[in-house]
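# Overview (structure and organization)
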Amino acid sequence: MRVIRHVLAAVALVGAAAVFPAAANAADKVCKLAISGTDSMTYDKKELAVAGDCTSVELTLTHTGKLIKEAMGHNWVLVNTPDLSAVANAGMSAGPANNYVAPGDKKVLASTKLVGGGESATVTFPTSVLKKGGSYSYLCTFPGHNSVMRGVLKFG
Ligand code: CU1
């Protein structure tokens, strides 16, 4: 009987230890955002807001059109606003095989893959890449799209 009690106590301790990592993550807050792209080369939103207590963002881009991605592909790329043109140009050079995002581009804060009509893509990124009170730009880097497919993301 005594042995069983010891075993139960050990199991309880292991259980408690397993709970601690979860408790440490209790402050994590994943905030979900959604944006759509259309066959008319537009996003449905010009502005996105992320609350200051979000620790990460899960953004889903949905292409609500019917055109294939080779003709009307869209992605969602987050940058510091002054880097917008540089990222768009580097993306164009990188081409469709890289979803029009230059591999390893440090100016890219987050990006989804390229999607065509009826498809969607999700990217999750930590808000540690953002500054509280900051304002950022997002764009579609498919060639020619960023002139109209761009918007502002605010954090905090
Ligand atoms: Cu696009």
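Thresholds applied
Residues numbered from 1 in each chain as written. Predicted model: local features only at pLDDT ≥ 70, side-chain atom pairs only at ≥ 80, totals over all residues. Heavy atoms only, no water. Donors = N, O, S within 2.8 Å, 3.2 Å for Na, K, Ca; no water. Helix = DSSP H or I, 4+ residues; strand = E, 2+ residues; numbered from the N terminus. Buried < 20%, exposed > 50% of the residue type's maximum accessible area, 1.4 Å probe, protein only. Salt bridge = Lys/Arg side-chain N within 4 Å of Asp/Glu carboxyl O. Pairing = 2+ DSSP bridges. Axes fitted to C-alpha atoms, helices over the stretch in contact; angles between N-to-C directions. Phe/Tyr/Trp six-rings, centres within 6.5 Å; stacked < 30°, edge-to-face > 60°. pLDDT = per-residue confidence, 0-100. Contact = heavy atoms within 4.5 Å. Disulfide = S-S within 2.5 Å.

## Some thoughts on the coordination of the copper ion
- Distances from the copper ion to its protein donors, namely H74 (ND1), C140 (SG) and H145 (ND1), fall within the range 2.1 to 2.2 Å.
- Binding-site remark: the copper ion is held by donors from one chain whose sequence spacing is H-x65-C-x4-H. A residue pair is termed long-range when its members are at least 10 positions apart, and H74 in the loop between helix 2 (69–72) and strand 4 (77–79) and H145 in the loop between strand 7 (135–139) and strand 8 (150–155) qualify at 71 residues. The pair H74 / H145 is uniform in exposure class, with both members buried.

## Overview of the pattern of salt bridges
- Evaluation of the coordinates by the stated rule reveals 3 salt bridges.
- For K29, the salt bridge is made with D53, and the minimal N-O distance between the two is 3.0 Å. One end of the pair, K29, is in the loop between helix 1 (2–24) and strand 1 (30–37); the other, D53, is in the loop between strand 2 (47–50) and strand 3 (56–63), with 24 residues separating them in the sequence.
- Across the pair E58 and K32 runs a salt bridge whose closest N-O atoms are separated by 3.9 Å.

## A word on the sheet that holds strand 4
- Spatial strand order, 2-8-7-4-5: 5 strands in an open sheet with mixed pairing. Looking at which strands have only one partner, the edges of the open sheet turn out to be strand 2 and strand 5 (108–111). The average angle at which neighbouring strand axes cross in this sheet is 25°, direction not considered.

## Topic: the packing of aromatic side chains
- Summed over all chains, the structure comprises 4 aromatic pairs.
- With a centroid separation of 5.5 Å and 65° between ring planes, the pair formed by Y43 and Y138 is classed as edge-to-face. Remark: Y138 occurs in strand 7 and Y43 occurs in the loop between strand 1 and strand 2; sequence separation between them is 95 residues.
- Ring centres of Y100 and F142 lie 5.3 Å apart, and the angle between their planes is 65°; on these two criteria the pair is classed as edge-to-face. Placement of Y100 in the loop between helix 3 (84–94) and strand 5 and of F142 in the loop between strand 7 and strand 8 is noted, with a sequence separation of 42 residues between them.
- One aromatic cluster is present, formed by Y43, W76, F125 and Y138 through successive ring pairs.

## Considerations on the confidence of the model for the protein chain
- Looking at the protein chain as a whole, the pLDDT averages 89, with 83% of positions reaching at least 70.
- Under a pLDDT of 50 for its full length, residues 6–19 has, in the predicted model, 0 contacts with residues more than four places off or in other chains.

## Brief notes about the state of the cysteines
- Counted by the stated rule, this structure contains 1 disulfide.
- Note on cysteine connectivity: C31 is disulfide-linked to C54, with sulfurs 2.0 Å apart. Measuring handedness by torsion sign, the sulfur bridge of C31 and C54 sits at about -90° and is left-handed. Separated by 23 residues along the polypeptide, C31 in strand 1 and C54 in the loop between strand 2 and strand 3 bring together distant segments of the chain.
- Judged by relative accessible area, which is 12%, C31 ranks as buried.

## Details of the environment of V152
- Within the secondary structure, V152 is located in strand 8.
- Separated by 72 residues in sequence, V152 and N80 have C-alpha atoms that sit 10.0 Å apart.
- The contact partners of V152, leaving out residues within four places of it in the chain, are K46, E47, L48, S135, Y136 and Y138.

## Structural notes on the sheet that holds strand 1
- Pairing in this open sheet of 3 strands is mixed, and the strands run 1-3-6 from one edge to the other. Here the strands that pair on one side only, and so sit at the sheet edges, are strand 1 and strand 6 (120–126). On average, each strand axis in the sheet is tilted by 20° relative to the strand beside it, whichever way the strands run.
- Note: strand 1 against strand 3, 8 bridges, orientation parallel. Bridge pairing in strand 3 links L33 to L59.

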